[in-house]
Amino acid sequence: MSDTEKENLQSEFWRGGFGNTYSDRNDSNVERIISRTKLWAQVLKSTDGAPPRSILEVGANIGNNLRALKNLTSAEFHALEPNQNARETMVRDGVAPAANVHDGLANLIPLPDDAVDLAFTSGVLIHIDPENLLSSCQEIHRVARRYIVCIEYFSDKAESINYRGHENVLFKRDFGGFWLDNFSDLQVLDYGFAWKRMTGLDNLTWWVFEKQS
């Protein structure tokens, strides 16, 4: 299967019924937003000296991360999301202005270079086929002026995991290492782990990177 065919399958998966079900399953209830707010308060500590004034979430779904970030920052929000229902929910709920909510996948972000101070993924790189991962990270790197945040499942070795009965749609690896191995201008500002037992979130490893000029 070619890279284009893999990309098309990925796009169809998240734009269609599975993507709609994912949105329904991850609705913006109070407990979820509180947990996300606590996580982001920790993540953003390393940017206190120069807080981001604009933030892009790549693969935002209905914007639960951005909803949490509203409790912590007055930055301008942007969102990239392939699922139409999720985009409409974000606009309806005022998560981000309609003009800032974009249709698309990570490997082709419809924004100019250095468009935002901070770009991030949360549970998104895990769903990108390994053959398309570098091109997606290159796009995120291109549009992020200063900071990149990565919040993903972690594994010491690259592996594919069955995801709700589907194969080849969830991939784990050391994403922090992937960023550092492929982008020599990145410096780690902080990293950490959100333990499901204590946070109510999934077991998530996170990294904050800063671009070095």
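The model shown is predicted, which means the values in this text are computed figures rather than measured ones.

Scoring rules and cut-offs
- Residues numbered from 1 in each chain as written.
- Predicted model: local features only at pLDDT ≥ 70, side-chain atom pairs only at ≥ 80, totals over all residues.
- Heavy atoms only, no water.
- Pairing = 2+ DSSP bridges.
- Helix = DSSP H or I, 4+ residues; strand = E, 2+ residues; numbered from the N terminus.
- Contact = heavy atoms within 4.5 Å.
- Axes fitted to C-alpha atoms, helices over the stretch in contact; angles between N-to-C directions.
- Expected span 1.5 Å × (residues − 1).
- Buried < 20%, exposed > 50% of the residue type's maximum accessible area, 1.4 Å probe, protein only.
- Polar contact = N/O pair within 3.5 Å; in protein donor to acceptor, adjacent residues only side chain to side chain.
- Patch = residues over 30% accessible without salt bridge, like charges linked within 9 Å, V, L, I, M, F, W, Y side chains within 5 Å.
- Areas by Shrake-Rupley, 256 points an atom, 1.4 Å probe, with all protein chains shown as cover.
- Salt bridge = Lys/Arg side-chain N within 4 Å of Asp/Glu carboxyl O.
- Core = buried A, V, L, I, M, F, W, Y, C linked by side-chain atoms within 4.5 Å.
- Phe/Tyr/Trp six-rings, centres within 6.5 Å; stacked < 30°, edge-to-face > 60°.
- Parallel < 35°, antiparallel > 145°, perpendicular 65-115°, else oblique.
- Nonpolar A, V, L, I, M, F, W, Y, C, P; charged D, E, K, R; others polar.

Q: I tried to follow the sheet that holds strand E9 (residues 204-211) on my own but got confused; where do I start?
A: Note: strands within a sheet are paired through backbone hydrogen bonds, in either parallel or antiparallel orientation. Read across the sheet, seven strands follow the order E3-E2-E1-E4-E5-E9-E8 without closing on themselves; strand pairing throughout is mixed. The outermost strands of the open sheet, each flanked by one partner alone, are strand E3 (101-102) and strand E8 (186-194). Note: strand E1 (residues 54-58) against strand E4 (residues 116-122), three bridges, orientation parallel. Paired with glutamate 57 across the two strands is phenylalanine 120, which belongs to E4. Across the sheet, helix H6 (residues 130-143) touches E1, E4, strand E5 (144-152), E8 and E9, and the angle it forms with E5 is around 140°. Helix-sheet contacts for helix H7 (residues 175-182) involve E5, E8 and E9, and the interaxial angle to E9 is about 20°.

Q: Teacher, can you tell me more about helix H3 (residues 30-43) here?
A: Note: α-helices contain 3.6 residues per turn, so residues at a spacing of three or four share the same orientation. Spanning 14 residues, H3 covers 20 Å between terminal C-alpha atoms, matching the ideal 20 Å at 1.5 Å per step. Within H3, burial applies to Ile33, Ser35, Arg36, Thr37, Leu39, Trp40 and Val43. Buried residues in H3 make contact with helix H4 (64-69), E4, E5, E8, helix H8 (196-199) and E9. The N-cap residue of H3 is asparagine 29: its side-chain oxygen and the backbone nitrogen of glutamate 31 are 3.2 Å apart.

Q: Please explain the environment of glutamate 167 as it appears in this structure.
A: Relative to the helices and strands, glutamate 167 resides in the loop between strand E6 (159-160) and strand E7 (171-172). In terms of polar contacts, glutamate 167 uses its side chain to reach the side chain of asparagine 162, at 2.7 Å.

Q: For this particular structure, what's the right way to read a nonpolar patch on the surface?
A: The grouping of Leu180, Val188 and Tyr191 at the surface amounts to a nonpolar patch, some 290 Å² of accessible area in total. If you trace the backbone, leucine 180 turns up in helix H7. For leucine 180, a relative accessible area of 38% corresponds to the partly exposed category.

Q: I tried to follow the nonpolar core on my own but got confused; where do I start?
A: A general tendency of soluble globular proteins is for nonpolar side chains to be buried together. Counting 29 residues, the largest nonpolar core has Leu56, Ile109, Leu125, Ile140 and Trp179 as its most contacted members. Mapped by element, the contributors of at least two residues to this core are E1, E4, H6, E5, H7 and E9. Of all the elements, H6 adds the most residues to this core, at four residues. Excluding anything up to four places from it in sequence, leucine 125 contacts Leu133, Cys137, Ile140, Cys150, Glu152, Phe175 and Trp179. Of all hydrophobic cores here, the second largest spans 27 residues; its members include Ile33, Trp40, Leu69 and Phe77.

Q: In this structure, what is going on with the packing of aromatic side chains? I would like to understand it.
A: By the definition in use, this model includes four aromatic pairs. Plain terms: the ring middles of phenylalanine 154 and tryptophan 207 are 6.4 Å apart, the flat faces sit at 40° to each other, and that makes the pair tilted. Highlighted residues: phenylalanine 154 in the loop between E5 and E6 and tryptophan 207 in strand E9, separated in sequence by 53 residues. A residue is classified by how much of its surface remains accessible, and phenylalanine 154, at 33% relative accessible area, is partly exposed. Its relative accessible area of 8% is what places tryptophan 207 among the buried residues. Both rings, one in tryptophan 179 and one in phenylalanine 209, keep their centres 6.2 Å apart while their planes meet at 45°; by these two values the pair is tilted. You can see tryptophan 179 sitting in helix H7 and its partner phenylalanine 209 sitting in strand E9, a full 30 residues away along the chain. The pair tryptophan 179 / phenylalanine 209 is uniform in exposure class, with both members buried. An aromatic cluster of three or more residues is present, and its members are Trp179, Phe183 and Phe209.

Q: Just checking my understanding: could you explain the packing of H6 against H7 for this structure?
A: Relative placement of two packed helices is described by the angle separating their axes and the distance separating the axes. Interaxial distance between H6 and H7 falls to 11 Å at its minimum, and their mutual angle equals 70°. What the angle tells us is that H6 and H7 run roughly perpendicular. On H7, the residues touching Leu133, Leu134, Cys137, Ile140 and His141 of H6 are Phe175, Phe178, Trp179 and Asn182. Residues belonging to the contact of H6 with H7 are distributed by class as follows: seven nonpolar, two polar and no charged.

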